[in-house]
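Chain residues, written in single-letter form:
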Amino acid sequence: MREEDQAPEEENEELYEHHRIVADAGQKPLRVDKFLGNLLANTSRNKIQQAAAAGNIRVNDQKVKSNYKVKPEDVVQVVLSYPPREVELVPQDIPIPIVHQDKDVIVVHKPPGMVVHPGYGNYDGTLVNALLYQFQNLPGLNQERPGLVHRLDRDTSGIMVIAANEHAMAHLANQFFERTTERTYWAVVWGNVEEESGTIIGNIGRSPKNRKIYQVYPDGDQGKHAVTHYRVLERLGYVTLVECKLETGRTHQIRVHMKYIGHTLFNDKEYGGDKILKGTTFTKYKQFVENCFDICPRQALHAKTLGFEHPKSGERLSFDSELPDDMKALVEKWRNYSHFKGQ
């Protein structure tokens, strides 16, 4: 075979698909490097641009440059010369507060900052790794999420229930699907929530501009039906401590719904709550708020209570958890500030 008839060396190399994302039907034109940067955790835009330059970014099976504009329903792939890392479920001795345990269910208090299950960019140190160290026979061990019937965001703390066997897993999963569980969350939100209580109704779906976050589609033409009930627990001047009760369980539901009504969660970086949204511009106040961010370096959201039917006995169980230390300190600091200012 003549040299010019041979395919280029890189075309002979086997490539492995690491990511495959189908753009939403409502996707607005967006550079592919920004599109992937919004979606892929722990991946810089510079690395994505390098991957595009190396021919590792494909759209509809064609190589594209980093300035390619992603359009609705485009199939975007990241392909590399090595296979994706397999998610290995390794038991790890990580202390997890056990609230309740029997032969069917395990109720835990997830600390803030802990990812629930292994996945891209988080291969260990998760709640699942910790559970496998203490419980060797969780249902679904051949899958990535053994025992899990619901989740909490990495930076949300609080009560979670884990299934201890297959029967319990099916029974609990059905309760979450049928919305017969009862869940309340406590959150510190920006602003003085005027109404003592209220209900937020609005479809929630991914943002077409940033696939890491979600938004409300008030016309109901996109997203999934979502309902959040809230009530004020304590007014703290420029922030408010609220209780939220979920009627549905959509991803980021409380974070998205509270932002939608103008009360973004305090220090919620993904939704803009890590900026001073209410209050003065004085230097002393700015320093106070920055100190509050340091005290609670995450969105101020805690899964306070969880109620469900025991999968074997049928008994209605309800569990409550204290606010973690960071949110306690945050509330106390704002309480002292508001009293000092006479708000």
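The shown structure was predicted, so the numbers you read here are calculated from the model rather than taken from an experiment.

Participant: Describe the sheet that holds strand β6 (residues 75-80), naming the residues involved and giving the relevant values.
Facilitator: Here four strands make up an open sheet; going across it, the order is β1-β6-β3-β4 and the pairing antiparallel. For this open sheet the edge positions go to β1 (16-22) and β4 (62-63), each flanked by a neighbour on one side alone. Seen against the sheet, helix α2 (residues 32-39) touches β1, β3 (57-59) and β6 and runs at an angle of roughly 80 degrees to β6.

Participant: Break down helix α3 (residues 45-53) for me, with residues and values.
Facilitator: What α3 keeps buried is the set Ile48, Ala51 and Ala52. One side of α3 holds all its buried residues, which, seen down the axis, span an arc of 100 degrees. Turned more than 90 degrees off the buried face of α3, the exposed positions are Lys47 and Ala53. Check the buried side of α3 and you find it contacts α2 and β3. Gly55 sits one or two positions beyond α3 and adopts a positive phi of about 85 degrees.

Participant: Summarise the pattern of salt bridges; cite the residues concerned and give the values.
Facilitator: Summed over all chains, the structure comprises 15 salt bridges. Note that Asp33 and Arg45 form a salt bridge whose closest N and O atoms lie 3.2 Å from each other. With a gap of 12 residues between them, Asp33 in helix α2 and Arg45 in helix α3 connect regions that are remote in the sequence. Residue classification places Asp33 among the buried residues on the basis of a relative accessible area of 0%. A salt bridge links Lys304 to Asp320, with the shortest nitrogen-to-oxygen separation between them at 2.6 Å. With a gap of 16 residues between them, Lys304 in strand β16 (residues 301-309) and Asp320 in strand β17 (residues 316-320) connect regions that are remote in the sequence.

Procedures and definitions
Residues numbered from 1 in each chain as written. Predicted model: local features only at pLDDT ≥ 70, side-chain atom pairs only at ≥ 80, totals over all residues. Heavy atoms only, no water. Pairing = 2+ DSSP bridges. Helix = DSSP H or I, 4+ residues; strand = E, 2+ residues; numbered from the N terminus. Contact = heavy atoms within 4.5 Å. Axes fitted to C-alpha atoms, helices over the stretch in contact; angles between N-to-C directions. Buried < 20%, exposed > 50% of the residue type's maximum accessible area, 1.4 Å probe, protein only. Arc of directions from axis to C-beta. Salt bridge = Lys/Arg side-chain N within 4 Å of Asp/Glu carboxyl O.

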